[in-house]
Amino acid sequence: MINNFKASNGAQKWLKSEEGASVAEFALVLPILITLIFVIFDMGIMMVIKSTLQTGVTAAARSDSTSASSTPASVITQYASGFINSSFIVTTIQSYPTFSAVAGSNPKQLGTVTPGASGVGSAGSIVKYQAQYTYTPVSPLTAQMFGSTKLLTVITYGKNGI
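No experiment lies behind these values; they were computed from the predicted model shown.

**Student:** Explain the overall build of the protein chain to me, using residue names and the numbers behind them.
**Tutor:** Helix and strand content of the protein chain: 5 helices and 4 strands. Scored against the burial criterion, the 162 residues of the protein chain give a buried share of 28%. Expressed as a percentage of contacts within the protein chain between residues at least 6 apart in sequence, the contacts between residues at least 24 apart total 67%. With an accessible surface of roughly 10900 Å², the protein chain has 64% of that area assigned to carbon and sulfur atoms.

Structure (structure tokens):
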């Protein structure tokens, strides 16, 4: 009896129709597309923040090696103002007697870690300028995927000229 079933003309047209297929496909792709847009947006913001920090740290090292008129932290904050909340920036300045001493301070290398002295040191010393910023993603979706905070770190080395 089931083999003799024949749909009416209207039902046959409805079963063969593909008018709603694009809407259904769009509904399936939309969550992936929105997720991708949020991730790209947050990654772009992180790249801009890291670039701004790197510019500030480089300017602080340049300013510090030529004159002692302003503190490195204030130079970094000046470059970050308006875009980055400067209260979340942590600056560290360490000095080393030579470049080989700086290489010995890398914890990824084998051997003992020798931390540098705090501050810019004396004339001719090698100075490590480091800034860290704790970034909180704008999108809760990105925060859920990659973690609620991301620590952005930039480092610049310079030779103390004063």
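**Student:** I'd like a rundown of the packing of aromatic side chains, residues and numbers included.
**Tutor:** Summed over all chains, the structure comprises 1 aromatic pair. Measuring from ring centre to ring centre gives 6.4 Å for Phe88 and Tyr133, while their planes differ by 80 degrees; the resulting arrangement is edge-to-face. Taken together, the positions of Phe88 in the loop between α3 (72–80) and β1 (89–96) and Tyr133 in strand β3 (residues 126–135) put the pair 45 residues apart, joining distant regions of the chain. On the accessibility criterion, Tyr133 (8% relative accessible area) is buried.

**Student:** Pulling in residues and values, what's your account of a nonpolar patch on the surface?
**Tutor:** Together, Phe26, Leu28, Val29, Leu30, Leu33, Ile34, Ile37 and Phe38 make up an exposed nonpolar region whose accessible area comes to about 740 Å². For Leu30, the position within the fold is in helix α2 (residues 21–66). Judged by its relative accessible area of 31%, Leu30 falls in the partly exposed class.

**Student:** Let's hear about the nonpolar core: which residues, and what values?
**Tutor:** By size, the foremost hydrophobic cluster in this structure holds 20 residues, and its most contacted members are Ile49, Leu53, Ile89 and Tyr133. Among the elements of the structure, α2, α3, β3 and β4 (150–159) are those that each provide at least two residues to this core. Here this core takes 8 residues from α2, the largest share from any one element. Apart from residues lying up to four places away in sequence, Ile89 is in contact with Leu53, Ile76, Ala80, Ile84, Ala131, Gln132 and Tyr133.

**Student:** Break down α3 for me, with residues and values.
**Tutor:** All of the buried residues along α3 are Pro72, Val75, Ile76 and Ala80. An end-on view of α3 places all buried positions within 135 degrees of arc, on one side of the element. Taken together, the buried residues of α3 touch α2, β1 and β3.

**Student:** Describe in detail the side chain of Asp42, supporting the description with residues and values.
**Tutor:** Locating Asp42 in the fold gives a position in helix α2. Of the side chains with opposite charge, Lys150 lies nearest to the buried Asp42, which makes no salt bridge, at 12 Å. Of the polar contacts made by the side chain of Asp42, one reaches the backbone nitrogen of Val138; its length is 2.9 Å. The contacts of Asp42, once residues within four sequence positions are left out, are Tyr135, Pro137, Val138, Ser139 and Thr142.

**Student:** Describe the environment of Thr134, with residues and values.
**Tutor:** With respect to the secondary-structure elements, Thr134 resides in strand β3. The class for Thr134 is partly exposed, based on a relative accessible area of 34%. In sequence terms Thr134 and Lys150 are 16 residues apart; their C-alpha atoms lie 5.7 Å from each other. Ignoring sequence-local partners within four residues, the contact set of Thr134 consists of Phe88, Thr149, Lys150 and Leu151.

**Student:** Could you give me a rundown of the environment of Tyr96, with the residues and numbers involved?
**Tutor:** Looking at where Tyr96 falls in the secondary structure, it is placed in strand β1. For the pair Tyr96 and Lys159, spaced 63 residues apart in sequence, the C-alpha to C-alpha distance is 9.5 Å. A polar side-chain atom of Tyr96 sits 3.1 Å from a polar atom in the side chain of Gln94.

Analysis parameters
Residues numbered from 1 in each chain as written. Predicted model: local features only at pLDDT ≥ 70, side-chain atom pairs only at ≥ 80, totals over all residues. Heavy atoms only, no water. Helix = DSSP H or I, 4+ residues; strand = E, 2+ residues; numbered from the N terminus. Buried < 20%, exposed > 50% of the residue type's maximum accessible area, 1.4 Å probe, protein only. Contact = heavy atoms within 4.5 Å. Areas by Shrake-Rupley, 256 points an atom, 1.4 Å probe, with all protein chains shown as cover. Phe/Tyr/Trp six-rings, centres within 6.5 Å; stacked < 30°, edge-to-face > 60°. Patch = residues over 30% accessible without salt bridge, like charges linked within 9 Å, V, L, I, M, F, W, Y side chains within 5 Å. Salt bridge = Lys/Arg side-chain N within 4 Å of Asp/Glu carboxyl O. Core = buried A, V, L, I, M, F, W, Y, C linked by side-chain atoms within 4.5 Å. Arc of directions from axis to C-beta. Lys, Arg positive; Asp, Glu negative; His and termini not counted. Polar contact = N/O pair within 3.5 Å; in protein donor to acceptor, adjacent residues only side chain to side chain.

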